[in-house]
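Residue-level structure breakdown
If you want the building blocks of each chain, they are given just below.
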Amino acid sequence: MAPLVITRLRPASATIRAAALLALLAVVLLVATRGGSLQLLLDNARQAAPLGIIALGQALILMMGRLDLSVGAAAGLANVVLASAFAGDPTNLGPALALTLGLGLAVGLANGVLVVVLRIPAFLATLATAMVIAGGILVYTGGSPRGSIPASFRVITEGWIGDVLPWSVMIWLIVSLVLVVFVHFTLAGRQMLIAGANARAARHSGIAAGSLVVASFVISALMATLGGILLSAITGMASIGIADSYTVDSIAAAVIGGALFSGGVFLPAGAACGALIIFLIQSLLYVLSLPPAARFIVQGAIIVFALALANSKKEP
Amino acid sequence: MPDRTDADTTPLLVVEAMSKAFGRNSVLKGVSFSLHAGEVLALVGENGAGKSTLMNILSGGLGHDHGRMSLDGAAFAPSTPTEAAAAGVAIVHQETTILPDLSVAETIYFGSEPRNALGLIRQNELHARAARLLADLGFAISPHRLGRDLSAAERQMVEIAGAVSRSPRLLILDEPTASLSAAAAASVLQLMARLKATGMAIIFISHRLSEVIESADRVVVLKDGEMTLQAVRGAFTRDDLVVAMVGRTLSNIFPERPAEVTTQPERFALKAAGNAGLPPIDLCVRRGEVLGIAGLEGQGQKPLADALCGLRPFTCGRIEIDGQLLRLRSPAAAIAAGIASIPDDRRTEGLALTLPIRLNLSLFALRQGSRFGFLSVSHEADFAEAARRRYDIKTVDLEQPVSQLSGGNQQKVVFARWLAGEPRLLVLYEPTKGVDVETESEIYHLIGSLTQRGVAVLLISGDLLELIGLSDRIVTLYEGRISGEIARHAFSEEAIMHLASGPAPAPREAVDA
């Protein structure tokens, strides 16, 4: 039985391509830093964890043939709410997490209802949600968010397990594993995959495609919230618009990792490679003392490169 | 009618050893025929036989790999539809391309409208010209009517008028009568006769063998890309056509039907069941019975199939399965009640094309092996492997995307999925559309063996041979209502077409019993 499970997890060619690109960038970074260290790469991974987790949710939405443009706003919401609810006091842990995750759940449900019940195209519905959230944050904070994250909580991103593995990477790995098991080894996940690849065929086969779409938006919003929590632990404070770039970056990471806009593909390892690639590019540009704006140019070029590579294999 | 023979004149069109392949899949293999001016050639063959490919090559829509064509003695190899049109070849495709907001006249002269010095269309002249053309052709359609208001038959007429307005030497009609009632089809055939008398050569594709026998001066039958028959009027019979089309006699293709099905208990019944898209309908099917549902295109087949599978549920009337009242509210409810429905379009409604064959096969079988919502990987693998062997799905690797299978093998995957649990009622909607002859026969025998185990079958099909070969009883749909019923011993294409083209004044089933 075990070998069968392993063959099911055989990486897709898109994942292998993304991993190869990641390895190439890692080598370049190590050379550029004159020998560097594994520590440097792991530190990149530590900081990439919030994006990696958000990209996982985005990859799931892409699997359903849709886009979630509210993940950046949802992560930003998590940041502001968590800091405010914690107010620097570690004893507020329970209520702070419950409130933050509860709001994330609400965002996901709202997206799902807009898309499934009101039949608004997902990218427009989530764009609207993102605007409402951003406006809500401004109203609530009056432009100057308060509160802070207690140092004891910040261990989840700043701490290392036995000096070899950052806690944030561990959390990222666990969440990835849970999603992989969900999509590939549960009935609901399998139905979601089929609904993503062909919603009409899924409905014809008695799959409740609508509920599964709502579920996918809830999962995506929870992933964005978790990403926002990790991001808060990294910065230690609340800031407005801190996660805005994560919307576009999460799509880029998932697409570099082999996700297709047509749906039906879920490659969490690919999305992880995509997130790491985006962070390594930033580090590399910093090491090479290139302007930060060059990051967008390189990132755009890499998306084009990754997609051109993927398409070259297909027959026209 | 002047009987032209090959010796009289030089042919207008000569096609020699025409071949075409898409990748490794060769769809035309050395087809040769010729056609004289003033002749009607019928091109006959099953779906996927290569008819449309051949017509597309002739009309410049596709290039060819090998072979030669000549038109009026000159070499002819159009690389674009415009080039073919300039050489005098016009084609009317099966799917009409009528734009809803253009008038009939604008549609007919689309792209060649009379214009004034400013480049604006002279509307009056355009409509007057169209009125003359329509009158010449004997069509009673106003040139001012909009495309959206035309019936299927009128659309076809307008398309033909558009092609004829360019005075082609060769007119190609791709299934001009497929979606028409018998009366409308007859007027298309009359028009063909009139155009032919003007010296126009016509090639038409048809599945209706009676109209082929009636109208064609020459017939070409294709099967799997090869020409299996070419004959002139009078030198072929209906049976010749069937054998050439399917490659063997009907008795081998279809399973034997037992005689005693009419005494079996009733399995499924609709009593005045209908919804917004379907007037209330009554029908019943017995255990082990195949009830054929015939009809011209768009007579309620789709709404009926969608209601039976729960996608657009019945909103009135009573549905019974094995005598029990059934609430058929959703696809899940239909599946739970033991109704398996094979959709007509496997690519959009049946399969997740990008996903592996295994996933497409195992969808319904998964529930059996799973525990606490987790699936059993080994159970799924065993099921997929067993299905591959049982249905002879031709693939080396079940992990390949299902899109890489041939149409016939894709259809086997759909059947294998739906037959994972033993259904009580099997609803088939065009089950062999785009399926090769080999698989077609396998599917027919599979249906035969299912009925032996008591499965009731509703076969909704536009393929008369299939209906006649497989059904125990046939009802015809016309405008969403049942217009007649025929018992097996009274089956004939004519009888079905007669009932399918409108309500019958004297129903035949009254005599049968």
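Residues numbered from 1 in each chain as written. Chains lettered and ligands numbered in written order. Predicted model: local features only at pLDDT ≥ 70, side-chain atom pairs only at ≥ 80, totals over all residues. Heavy atoms only, no water.

Inspection of the entire model under this criterion finds 3 aromatic pairs over all chains. A ring pair is formed by Phe86 of chain A and Phe153 of chain A, whose centres lie 5.1 Å apart and whose planes are at 55°; its orientation type is tilted. Of this pair, Phe86 of chain A sits in helix H4 (residues 71-86) while Phe153 of chain A sits in the loop between helix H6 (122-141) and helix H7 (155-158), and the two are 67 residues apart along the sequence. When its relative accessible area of 1% is taken as the criterion, Phe86 of chain A is described as buried. A relative accessible area of 11% means that Phe153 of chain A is categorised as buried. For Arg129 of chain B, the ring lying beneath its charged end belongs to Tyr109 of chain B, and the centroid distance is 5.4 Å. (Phe/Tyr/Trp six-rings, centres within 6.5 Å; stacked < 30°, edge-to-face > 60°. Helix = DSSP H or I, 4+ residues; strand = E, 2+ residues; numbered from the N terminus. Buried < 20%, exposed > 50% of the residue type's maximum accessible area, 1.4 Å probe, protein only. Lys NZ or Arg CZ within 6 Å of the ring centre and 35° of its normal.)

This paragraph deals with the state of the cysteines. All names here are of chain B. Overall, the coordinates contain 0 disulfides over all chains when judged by the stated rule. The thiol of Cys284 is unpaired, and the distance to the nearest cysteine sulfur, on Cys316, comes to 18 Å. Cysteine Cys316 shares no disulfide, and the gap to the nearest cysteine sulfur, in Cys309, comes to 17 Å. Residue classification places Cys316 among the partly exposed residues on the basis of a relative accessible area of 33%. (Disulfide = S-S within 2.5 Å.)

The next point concerns the confidence of the model for chain B. All names here are of chain B. Averaged over all residues, the pLDDT of chain B equals 84, while 94% of them reach at least 70. Contacts for the low-pLDDT stretch residues 1-7, under 50 throughout, to residues beyond four places or in other chains number 10 contacts. Here residues 504-513 scores under 50 on pLDDT; set against residues more than four positions off or in separate chains, the count is 7 contacts. Here the predicted complex carries an ipTM of 0.84, next to a pTM of 0.75. (pLDDT = per-residue confidence, 0-100. Contact = heavy atoms within 4.5 Å.)

On to a nonpolar patch on the surface, then. On the surface, Phe123, Leu124, Leu127 and Met131 of chain A cluster together into a nonpolar patch covering about 400 Å² of accessible area. On the secondary structure map, Phe123 of chain A appears in helix H6. (Patch = residues over 30% accessible without salt bridge, like charges linked within 9 Å, V, L, I, M, F, W, Y side chains within 5 Å. Areas by Shrake-Rupley, 256 points an atom, 1.4 Å probe, with all protein chains shown as cover. Salt bridge = Lys/Arg side-chain N within 4 Å of Asp/Glu carboxyl O.)

Right, let's get into the packing of helix H5 (residues 93-116) of chain A against helix H11 (residues 209-235) of chain A. Residues and elements named next belong to chain A. H11 packs onto H5 with a crossing angle of 145° between their chain directions and a minimal axis gap of 7 Å. The interaxial crossing formed by H5 with H11 has right-handed handedness. Note on element contacts: H11 touches H5 through Gly210, Val213, Val214, Phe217, Val218, Ala221, Leu222, Thr225 and Ile229, opposite Leu97, Thr100, Leu101, Gly104, Leu105, Val107, Gly108, Leu109, Asn111, Gly112, Val115 and Val116. Residues that form the contact of H5 with H11 fall into these classes: 14 nonpolar, 7 polar and no charged. (Axes fitted to C-alpha atoms, helices over the stretch in contact; angles between N-to-C directions. Left-handed = near helix turned anticlockwise from the far one by under 90°. Nonpolar A, V, L, I, M, F, W, Y, C, P; charged D, E, K, R; others polar.)

Counting 185 residues, the largest nonpolar core has Trp172 of chain A together with Ile108, Leu171, Val219, Leu361 and Leu426 of chain B as the members making the most contacts within it. Apart from the residues within four sequence positions on either side, Trp172 of chain A is in contact with Ala45, Ala48, Ala49, Gly52, Ile53, Leu56, Ala272, Ala275 and Leu276 of chain A. Of all hydrophobic cores here, the second largest spans 29 residues; its members include Ala307, Leu308, Ile319 and Ile460 of chain B. (Core = buried A, V, L, I, M, F, W, Y, C linked by side-chain atoms within 4.5 Å.)

A few words now on unusual backbone geometry. For Arg119 of chain A, which is not glycine, the phi torsion reads 55° and is therefore positive. If you check the backbone angles, Glu430 of chain B has positive phi at about 45° while not being a glycine. Here Glu430 of chain B shows up in the loop between strand E17 (425-429) and helix H17 (437-452). Look at Glu430 of chain B and you get partly exposed, because its relative accessible area is 22%.

Our next topic: empty space enclosed by the protein. Residue and element names in this part refer to chain B. Within the structure shown, the criterion is met by 3 cavities of 30 Å³ or more. In this structure, the largest cavity spans a volume of roughly 60 Å³. At the level of secondary structure, the elements contributing two or more residues to the lining of the largest cavity comprise helix H10 (301-308), strand E16 (339-342) and E17. A per-element tally of the lining of the largest cavity places H10 first, with 3 residues. Its residues placed into classes, the lining of the largest cavity shows 6 nonpolar, 2 polar and 4 charged. (1 Å grid on protein atoms, 1.4 Å probe; cavity = no way out; pocket = protein on both sides within 12 Å on 5 of 7 lines; lining within 4 Å. Points joined across faces, edges and corners; volume = space filled by probe spheres on them.)

Turning our attention to the sheet that holds strand E11 (residues 266-275) of chain B. Residues and elements named next belong to chain B. The strand order across the open sheet built from 4 strands is E12-E11-E14-E15, with neighbouring strands paired in antiparallel fashion. Because the sheet does not close on itself, it has two edges, and the strands there are strand E12 (278-286) and strand E15 (324-325). Relative to E12, E11 runs antiparallel, the two sharing 6 bridges. What sits directly across from Leu270, in E12, is Leu283. The sheet strands contacting H10 are E11 and E12, and the helix crosses E11 at an angle near 115°. (Pairing = 2+ DSSP bridges.)

Residues and elements named next belong to chain A. The residue Thr15 is located in helix H2 (residues 13-32) in this model. Accessibility expressed as a relative area gives 7% for Thr15, which makes it buried. Excluding anything up to four places from it in sequence, Thr15 contacts Leu267, Ala269 and Gly270.

Here the focus is the pattern of salt bridges. Throughout the structure, instances matching the rule amount to 34 salt bridges over all chains. Between Lys29 of chain B and Glu226 of chain B there is a salt bridge, and its shortest N-O distance comes to 4.0 Å. Residue Lys29 of chain B is located in strand E2 (residues 25-35), and its partner Glu226 of chain B is located in strand E10 (residues 226-232); the two are separated by 197 residues in the primary sequence. Relative accessible area serves as the criterion here: at 42%, Glu226 of chain B is assigned to the partly exposed category. In this structure, Lys302 of chain B and Asp306 of chain B form a salt bridge, with 3.9 Å as the shortest nitrogen-oxygen distance. Of this pair, Lys302 of chain B and Asp306 of chain B both sit in helix H10, separated by 4 residues, roughly a single helical turn. One network of salt bridges, in which partners are shared, links Arg200 of chain A together with Lys302, Asp306, Arg312, Asp344 and Glu349 of chain B.

Attention shifts here to the pairing of strand E3 (residues 40-45) of chain B. Residues and elements named next belong to chain B. Counting buried residues along E3, 6 of its 6 residues qualify, which places the element largely inside the surrounding structure. Of the two faces of E3, both are covered, the one formed by Val40, Ala42 and Val44 as well as the one formed by Leu41, Leu43 and Gly45. Pairing between E3 and strand E8 (residues 201-205): 4 bridges, direction parallel. The partner of Ala42 across the bridge, within E8, is Phe204. Here 5 bridges tie E3 to strand E9 (residues 218-223), and the two strands are oriented parallel to one another. In the sheet register, Val44 faces E9, and the bridge partner there is Val221.

This part is about the environment of Ile121 of chain B. Residue and element names in this part refer to chain B. With respect to the helices, strands and loops of the structure, Ile121 is situated in the loop between helix H3 (104-108) and helix H4 (123-137). The exposure class of Ile121 is partly exposed, given its relative accessible area of 30%. It is 34 Å that separates the C-alpha atoms of Ile121 and Ala37, two residues lying 84 residues apart in sequence. Non-local contacts of Ile121, meaning those with residues more than four positions away in its chain, are made with Glu113, Pro114, Arg115 and Leu126.

To continue, consider the interface of chain A and chain B. Counting from both sides, the interface comprises 24 residues of chain A and, opposite them, 33 residues of chain B. Buried surface at the junction of chain A and chain B, both sides included, amounts to about 2400 Å², of which 63% is carbon and sulfur. Linking chain A to chain B there are 2 salt bridges. Note that Glu380 of chain B is salt-bridged to Arg190 of chain A, the shortest N-O span being 2.6 Å. Listed by contribution, the elements that provide at least two residues to the side of chain A that touches chain B are helix H1 (2-8), helix H8 (167-185), helix H9 (187-197) and helix H10 (199-204) of chain A. Within the side of chain A that touches chain B, the residues separate by chemical class into 11 nonpolar, 8 polar and 5 charged. (Buried area = accessible area lost by both parts, 1.4 Å probe.)

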